[in-house]
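Residue-level listing of the chains:
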Amino acid sequence: GVRRHTGDACPARVLGELGATYFQSNRFVEAEGHLREAYAKSESGSERALFANDLGNLSASRGRRDEAIRYYEEARELGAEDPGIAVSAGLNLARLMPPEQRATQLQALQSDIAGVPDEHERARYLVNLGTQARDLGPSATRLAFESLTQARKLADTQRDDWLAAQALDGLAQLYEDR
């Protein structure tokens with residue numbers, strides 16, 4: 001196992017990163033302990049929002065839908081000053097919504113994404129939004145197309161081949177769906 005300091009010696013950010021690493025390794029029990037401790041120790045609203053979003057992802061992965069929704073809503077509220085956190089939590093929340101509500105949520109998030117200052121991050125969110133919109137079928141095809149096209153353009157500007165490939169893959173899937 002990993003040796004770590006306990007108490008105040010281990011900052012929230014370190015605990016959060018360790019929790020995220022355990023989460024990515026599907027070691028959910030260890031992830032939850034570290035993320036909850038990071039969440040409790042967080043010193044700012046945006047830091048707490050980041051950990052609330054991570055705890056929402058963990059809860060969703062464990063089938064705890066209501067708990068995940070609560071964390072995502074908290075992350076959106078606390079992260080209101082950080083558009084990236086608010087959008088990320090919003091996209092995660094949309095994924096848990098019934099399809100008839102998801103399209104409206106995704107449409108609102110499209111304008112929120114425009115406020116994310118980092119172009120690479122904005123492109124990633126647009127790919128996520130476009131993919132979720134595509135999964136809704138013909139009623140959200142336009143939203144999916146617009147988001148994926150915008151993501152591709154941003155990825156090209158950033159010279160990010162991997163992100164451009166994701167956007168192009170989403171656009172190709174839209175074409176195949178027709």
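Residues numbered from 1 in each chain as written. Predicted model: local features only at pLDDT ≥ 70, side-chain atom pairs only at ≥ 80, totals over all residues. Heavy atoms only, no water.

Chemist: Give a description of the overall build of the chain that names residues and reports values.
Modeler: Counting secondary structure elements, the chain contains 9 helices and 0 strands. Starting at the N terminus, the α and β elements of the chain follow one another as α-α-α-α-α-α-α-α-α. Compactness check: the chain gives a C-alpha radius of gyration of 17 Å against a globular reference of 16 Å for 178 residues, within 12% of the reference. Taking the principal axes of the C-alpha coordinates as reference, the chain spans close to 55 × 35 × 30 Å. Classification of the 178 residues of the chain by burial places 43% in the buried group. Taking contacts inside the chain between residues at least 6 apart in sequence as the whole, the part at least 24 apart equals 53%. For the chain, the accessible area works out to roughly 9900 Å², and carbon and sulfur atoms hold 47% of it. (Helix = DSSP H or I, 4+ residues; strand = E, 2+ residues; numbered from the N terminus. Rg over C-alpha atoms; globule rule 2.2 N^0.38 Å. Buried < 20%, exposed > 50% of the residue type's maximum accessible area, 1.4 Å probe, protein only. Contact = heavy atoms within 4.5 Å. Areas by Shrake-Rupley, 256 points an atom, 1.4 Å probe, with all protein chains shown as cover.)

Chemist: Describe the nonpolar core, and please don't skip the residues or the numbers.
Modeler: If you look at the biggest cluster of nonpolar residues, it comprises 26 residues, and the most contacted ones within it are Leu 91, Leu 106 and Leu 129. When contributions to this core are tallied by element, the ones reaching two or more residues are α5 (83-96), α6 (99-113), α7 (119-135), α8 (141-158) and α9 (161-177). In this structure Leu 129 touches Leu 91, Leu 106, Leu 109, Gln 110, Ile 113, Leu 143 and Ser 147, once residues within four positions along its chain are discounted. Of all hydrophobic cores here, the second largest spans 18 residues; its members include Ala 12, Tyr 39, Ala 52 and Leu 58. (Core = buried A, V, L, I, M, F, W, Y, C linked by side-chain atoms within 4.5 Å.)

Chemist: Hey, could you go over the side chain of Glu 47 for me, with residue numbers and the actual values?
Modeler: Mapping Glu 47 onto the fold places it in helix α3 (residues 45-61). Of the side chains bearing the opposite charge, Arg 13 lies closest to the buried Glu 47, which forms no salt bridge; the N-O distance is 4.8 Å. (Lys, Arg positive; Asp, Glu negative; His and termini not counted. Salt bridge = Lys/Arg side-chain N within 4 Å of Asp/Glu carboxyl O.)

Chemist: Residues and numbers for the pattern of salt bridges, please.
Modeler: If you walk through the whole model with that rule in mind, you get 14 salt bridges. Across the salt bridge formed by Asp 135 and Arg 134, the nearest N and O atoms sit 3.4 Å from each other. Ionic contacts of the salt-bridge type, sharing partners, join the residues Glu 32, Arg 36, Arg 62, Arg 64 and Glu 67 into one network.

Chemist: So what's going on with the confidence of the model for the chain? Which residues, and what values?
Modeler: When the pLDDT values of the chain are averaged, the result is 91; 95% of them are 70 or greater. Averaged over each element, pLDDT in the chain is lowest for helix α1 (residues 12-24) (90) and highest for α7 (97). Counting interchain partners and residues more than four positions distant, the pLDDT-below-50 stretch residues 1-7 has 8 contacts. (pLDDT = per-residue confidence, 0-100.)

Chemist: Requested: an account of unusual backbone geometry, with residues and values cited.
Modeler: In the Ramachandran plot, Asn 26 falls in the positive-phi region, its phi being about 60° despite a non-glycine side chain. Look at Asn 26 and you get exposed, because its relative accessible area is 58%. Residues other than glycine seldom take positive phi values, yet Arg 159 does so here, at roughly 55°. Of note, Arg 159 is situated in the loop between α8 and α9.

Chemist: Mind laying out the packing of aromatic side chains, listing which residues take part and the relevant values?
Modeler: This structure, assessed with the given rule, holds 2 aromatic pairs. Seen from their ring centres, Phe 23 and Phe 28 are 5.7 Å apart, and the 35° between their planes marks the pair as tilted. Residues Tyr 39 and Tyr 71 carry aromatic rings whose centres are separated by 5.8 Å and whose planes lie at 90° to one another, so their mutual orientation is edge-to-face. Remark: Tyr 71 occurs in helix α4 (residues 65-78) and Tyr 39 occurs in helix α2 (residues 28-41); sequence separation between them is 32 residues. (Phe/Tyr/Trp six-rings, centres within 6.5 Å; stacked < 30°, edge-to-face > 60°.)

Chemist: How would you explain α3 if you had to name every residue and give the values?
Modeler: Compared with an ideal rise of 1.5 Å per residue, which puts 17 residues at 24 Å, α3 spans 24 Å between its outermost C-alpha atoms and is within 8% of the ideal. Among the residues of α3, Glu 47, Ala 49, Phe 51, Ala 52, Asn 53, Leu 55, Gly 56, Leu 58 and Ser 59 are the ones counted as buried. On its buried side, α3 packs onto α1, α2, α4 and α5. At the C-terminal side of α3, Gly 63 shows a positive phi close to 80°. (Expected span 1.5 Å × (residues − 1).)

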